[in-house]
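Report on the structure
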Amino acid sequence: MSMAILTDITKCIGCFECVAACKKTNGHEADKPYVFHINDGLSAHNWTSIVQRPDKHFVRKQCRHCLDPACASACPVAALHQTSEGIVIYDSHKCIGCRYCMIACPYGIPRYDWDKPVPYVQKCNMCYERVKHGKQPACTAACPTQATIFGERKELIAEAHRRIKENPGKYINKVFGEFEVGGTSVLYISDIDLGFLSYVAIPGTKALPKTTATAMEAVLPTFFGVGAVMGGLHWLVRRRQKLQRENEESEG
Amino acid sequence: MNRVDVFKSVLWTLTGLAVATAITRFIFGLGAVSNLSDSTPWGIWKGLNVVPGIALAAGGFVVTAVIYVLKREEFHRYAKVAVLIAFLGYLSAATALVVELGLPWLVWQPVIYWQFHSALFEVSWCVMLYLGVLLLEFLPVPLEETSWFAGLRRFLTKYKLVLVFLGIMISCLHQSSLGTLFLITPEKLHPLWYSALLPIEFLVSAIAVGPLVVILGVLVICYMYRKEADRKTLSKLAYLGFIVTVIYGLIRFIDLGVNGKLPTIFDGSWQSTVFLIEIALMLVIPIVLLGIRKLRYSQAGLAIACFSAVIGLGLDRANIAGVMLQVPGSHYYPTIYEVFVSLGIVAGAIIVFLFCVEHFKIWDVKWKDPRERAEYCPKFGLASDVWLGSPGVTERVKYSLIFVLSFALGFALMPQDRIESKGVEEITVQKARGGDTLFIDGNLDAFGTLFDHARHVDNLGQKESCIRCHHMNVPLDKESGCWECHSSMYTATDIFRHDWHASPNGAAIACDVCHEPPQERQKASAKKCRDCHVDLYADSTADTLDTYLAMSYVDAMHILCVDCHRWLASADTTRAALAQCPTCHTGSQPDYLKADMRGELRRPAPNHVMMPPAVLQVKEE
Ligand code: SF4
Ligand code: SF4
Ligand code: SF4
């Protein structure tokens, strides 16, 4: 069962209730203008934020919970991994702090405790503890206008398409996150383009872990291939030298 | 002072600075000394020490492969140097990683938590294994100096070929996997560097430059210790580098051509300039100098070619692992402290290298007994007849002194304000100059609010209402402004002035008044502010100031607004909107701010939600 969040940008009034609910649920301290932050509102203490766009458009930013997450495929110790609900969660006791996940994520989501001597990666976990117990995430529960809702991914996609069809001209005809980077569990419908949420305006539909898959599959064959080739060469060279020596001996 | 002394003094200085920085980093976190940030999670420690360091250490497996697998005995004399350079290269990369990782004490965790899809998992396994292999390969050299462990030495020498094979297999894997690391960032890495062939390019370029690093190492030792280099074998080795460099150039340019990226090279952007520099250093100069036989056999030609190739490869790796991986909106440049660590780790490796050169049989002729050299003759102090002890000891004393001094200097240079502020932009609050309509945006997130002072005065009941906001402890205190205690914009500040309270020119209060005997004189047991200043608080606040800290200005102000608005909203249901954030934070700014805050917005998003602490309850009237 794949759970998802659908955010309807046209319904968001920018009230920050989701942000406040997230902070409260996860016990985050108040945020300050740290020099380490990107100015999109996300930080080690803010797992979700409201990005303000021109003409009173408010876009909630959070981890997209990719179906094939780049962060999880990059993590060398599987600290970031996907649950059966399609939620990408973080195991702090496994993390070694390499921050490769931050490099890999196409949406620039994971943040870091730069000011702590024992730092961890910080990102939305779709309130896994709540979802596991059959509750909905704190942020969707808090939203006063139902701009952001929680449900099964399939149903939410159907709902998104229904809204787009029933209100012709209101939305861009696209469910953001349906196919991007292999599909994400956090979906958007919107009347403005949401390309700014990722590093490139139009992220491909190819899941990023696929880019490294070929190379990673070649690892073991390479290992033994190199060994075999080197062994062969060694044998050839030895043999040639031996023949040469025999030649010299028979001549001399 | 001779060449060696000067060089070593510089090395020890750098090491001292690096150690001081590293200690600070472990106590206060990465943010205290580095400019690493959410937009630039990898800085020069990864981009200059780890990734290029591993590439440049490839000489170990290439040279041993040539010697032991292809049986080219003429290079045998350089086997140990090559292995040593590789070992130290990996060791310095591993050291840099320890400083760089967020949780370095868990660096071994890939051993127990497996993740086969991660290139980094594979790299970390290989690096750990290869470090072990290199150690075993090199161990016979120091063991030669002693009669202990003779059995171990014989064993290692006997099974050298196994180690060499293992080394080659492991190296090929992780040299290429280092390239795989960056395959997952097609959208971030500049197209001139991104390529599906990155793993192959990484491997081939490492094989090309590896031997050149060894040659450079040999040339440097010969220069420093005034020895004659054996140019003939070195040039032969360089020829191998030349051939692989040509292959690498072909792969790289054919790949660029096939993907139609060739025009990008000349588009005039700064990235294309960097690319051209990189190509000149890594391909053009070495290929020209090493391709021409005469130049290849000249010391200068060889040295320049190797140096250029080394710098070029370093630049290539640094570009891929950092410079060209920057995301929009990041303006990373390393702090001086990051540079300290970066250089200090390399310096440390070179110190160990020189130590081995001086004490072990690194290439088959053992170095002359160092004590026989002129500069190791007995030394005398300036007063001319004070003997400073045996030469070895003087050396040690001198370098220890240099290290300790630079270590202390390093601590003196640590960024105090940066460490204390924990990365918060430090802003001291100034006295307000007034103005009837203020744009308040304490955290500069463009989600501020237009505060209409006149309207508040009207609505709240003219002059009598001043005290509802200014100041909380009227009427006894009419003098102090909020900013005097809440003096920092974002951080809580200590407002108890011990010196003034105790001083005869101040309040001249005797110690015992606040620190009542027989208690020990400590902060915890001392009197609290409110024990004397009974009028310090507004009635409405539950805050006790027992920590002697005044909250930050933005928190204080915001809580003031929120308190009153909540109370008004609860008192009058028709005005419930007052308690909602967007009522004030409308997202619109005054015109004079729009120029740089609208459109893409200078700071495109709201950063900070200041939640009023739960203890602050609105007092019912
Ligand atoms: S958005 Fe980024 S952090 Fe979230 S699951 Fe996808 S790759 Fe991972
Ligand atoms: S920083 Fe932690 S979670 Fe991220 S990739 Fe490294 S080990 Fe995994
Ligand atoms: S799902 Fe939970 S963790 Fe994620 S943004 Fe919402 S409240 Fe925060």
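Scroll up to find the structure.
This report concerns the structure included in the present document.

Definitions and limits used
- Residues numbered from 1 in each chain as written.
- Chains lettered and ligands numbered in written order.
- Predicted model: local features only at pLDDT ≥ 70, side-chain atom pairs only at ≥ 80, totals over all residues.
- Heavy atoms only, no water.
- Helix = DSSP H or I, 4+ residues; strand = E, 2+ residues; numbered from the N terminus.
- Rg over C-alpha atoms; globule rule 2.2 N^0.38 Å.
- Contact = heavy atoms within 4.5 Å.
- Areas by Shrake-Rupley, 256 points an atom, 1.4 Å probe, with all protein chains shown as cover.
- Lys, Arg positive; Asp, Glu negative; His and termini not counted.
- Charge placed at Lys NZ, Arg CZ, Asp CG, Glu CD.
- Phe/Tyr/Trp six-rings, centres within 6.5 Å; stacked < 30°, edge-to-face > 60°.
- Buried < 20%, exposed > 50% of the residue type's maximum accessible area, 1.4 Å probe, protein only.
- Lys NZ or Arg CZ within 6 Å of the ring centre and 35° of its normal.
- Near = heavy atom within 4 Å.
- Nonpolar A, V, L, I, M, F, W, Y, C, P; charged D, E, K, R; others polar.
- Buried area = accessible area lost by both parts, 1.4 Å probe.
- Salt bridge = Lys/Arg side-chain N within 4 Å of Asp/Glu carboxyl O.
- Pairing = 2+ DSSP bridges.
- Axes fitted to C-alpha atoms, helices over the stretch in contact; angles between N-to-C directions.
- Patch = residues over 30% accessible without salt bridge, like charges linked within 9 Å, V, L, I, M, F, W, Y side chains within 5 Å.

Our focus in this paragraph is the overall build of chain A. Within chain A, the secondary structure is distributed over 8 helices and 9 strands. Computed over C-alpha atoms, the radius of gyration of chain A comes to 25 Å, more than 25% over the 18 Å expected from 2.2 N^0.38 for 252 residues, which places it beyond the range of a compact globule. Its C-alpha atoms give chain A principal-axis dimensions of roughly 100 × 45 × 35 Å. Pairs at least 24 residues apart make up 60% of the contacts formed inside chain A by residues separated by at least 6 positions. Of the roughly 10700 Å² that chain A leaves accessible, carbon and sulfur atoms contribute 55%. With 31 positive and 25 negative side-chain charges, chain A shows a spacing of 2 Å between the two charge centroids.

Right, let's get into the packing of aromatic side chains. Residues and elements named next belong to chain B. Tallying each qualifying case throughout the model produces 21 aromatic pairs over all chains. Each ring, one from Trp42 and one from Phe182, has its centre 6.1 Å from the other, and the planes form 85°; the classification is edge-to-face. Here the residue Trp42 occupies a position in the loop between helix 2 (30–33) and helix 3 (44–56), and Phe182 occupies one in the loop between helix 9 (160–180) and helix 10 (198–224), the gap between them amounting to 140 residues. Just as Trp42 is buried, Phe182 falls in that class too. Look at Phe407 and Phe411: their rings are 5.1 Å apart centre to centre, the planes differ by 85°, and that puts the pair in the edge-to-face class. A residue pair is termed a helical-turn pair when its members lie 3 or 4 positions apart in one helix, as Phe407 and Phe411 do in helix 16 (residues 391–413) at 4 residues. The exposure class assigned to Phe407 is partly exposed, which follows from its relative accessible area of 23%. A relative accessible area of 35% places Phe411 in the partly exposed class. Of the aromatic side chains, those joined through ring pairs into one cluster are Trp12, Tyr399, Phe403, Phe407 and Phe411. Its end group placed over the ring of Phe202, Arg317 keeps NZ or CZ at 3.9 Å from the ring centre.

Bringing the environment of Val218(B) into the picture now. Mapping Val218(B) onto the fold places it in helix 10. Taking the C-alpha atoms as reference points, Val218(B) and Leu101(B), 117 residues apart in sequence, are found 33 Å from one another.

In the vicinity of ligand 3 there are 13 residues, among which Cys22(A), Cys124(A), Met126(A), Cys127(A) and Cys139(A) approach most closely. For the shell around ligand 3, the per-class residue count stands at 8 nonpolar, 4 polar and 1 charged.

A separate point is the interface of chain B and chain A. Contacts between the two partners involve 84 residues from chain B, matched on the other side by 79 residues from chain A. When chain B packs against chain A, the two sides together hide about 7200 Å² of surface, and 66% of this comes from carbon and sulfur. At the junction of chain B with chain A, the criterion picks out 1 salt bridge. Residue Glu100(B) pairs with Arg99(A) through a salt bridge whose shortest N-O separation is 2.5 Å. Secondary-structure elements contributing two or more residues to the side of chain B that touches chain A are helix 1 (3–28), helix 2, helix 4 (59–69), helix 6 (119–138), helix 9 and helix 25 (581–584) of chain B. Top element by residues in the side of chain B that touches chain A is helix 9 of chain B. It accounts for 9 residues. Of the residues belonging to the side of chain B that touches chain A, the class tally is 52 nonpolar, 20 polar and 12 charged.

Let's shift gears to the sheet that holds strand 9 (residues 186–189) of chain A. To summarise the sheet geometry, strands pair through backbone hydrogen bonds and adopt either a parallel or an antiparallel arrangement. Residue and element names in this part refer to chain A. If you trace the 3 strands from one edge of the open sheet to the other, you get 8-1-9, paired in mixed fashion. Edge positions in the sheet fall to strand 8 (148–152) and strand 9, since each has one partner strand and no second. Looking at each pair of strands side by side, their axes are set apart by 25° on average, direction ignored. Sheet contacts for helix 6 (residues 153–166): strand 1 (3–8), strand 8 and strand 9; angle to strand 8, the most-contacted strand, approximately 130°.

The subject of this paragraph is a nonpolar patch on the surface. All names here are of chain B. Together, Trp148, Phe149, Leu152, Phe155, Tyr159, Val162 and Leu166 make up a nonpolar patch on the protein surface, roughly 740 Å² of accessible area in all. Of all the secondary structure elements, the ones that give two or more residues to the nonpolar patch are helix 8 (150–158) and helix 9. Relative to the elements of secondary structure, Val162 occurs in helix 9.

In this model, Pro517(B) is joined to Pro518(B) through a cis peptide bond whose omega is 5°. By secondary structure assignment, the location of Pro518(B) is in the loop between helix 22 (511–514) and helix 23 (529–532). In this structure, Arg99(A) is a non-glycine residue whose phi angle is positive, near 70°. For Lys71(B), which is not a glycine, the phi torsion comes out positive at approximately 60°. Mapped onto the fold, Lys71(B) is located in the loop between helix 4 and helix 5 (79–100). A relative accessible area of 22% places Lys71(B) in the partly exposed class.

What follows covers a positive patch on the surface. Together, Arg238(A), Arg239(A), Lys242(A) and Arg245(A) give the surface a local cluster of positive charge. One can find Arg238(A) in helix 8 (residues 219–251).

Treat this as a map of the structure, not an account of what it does.
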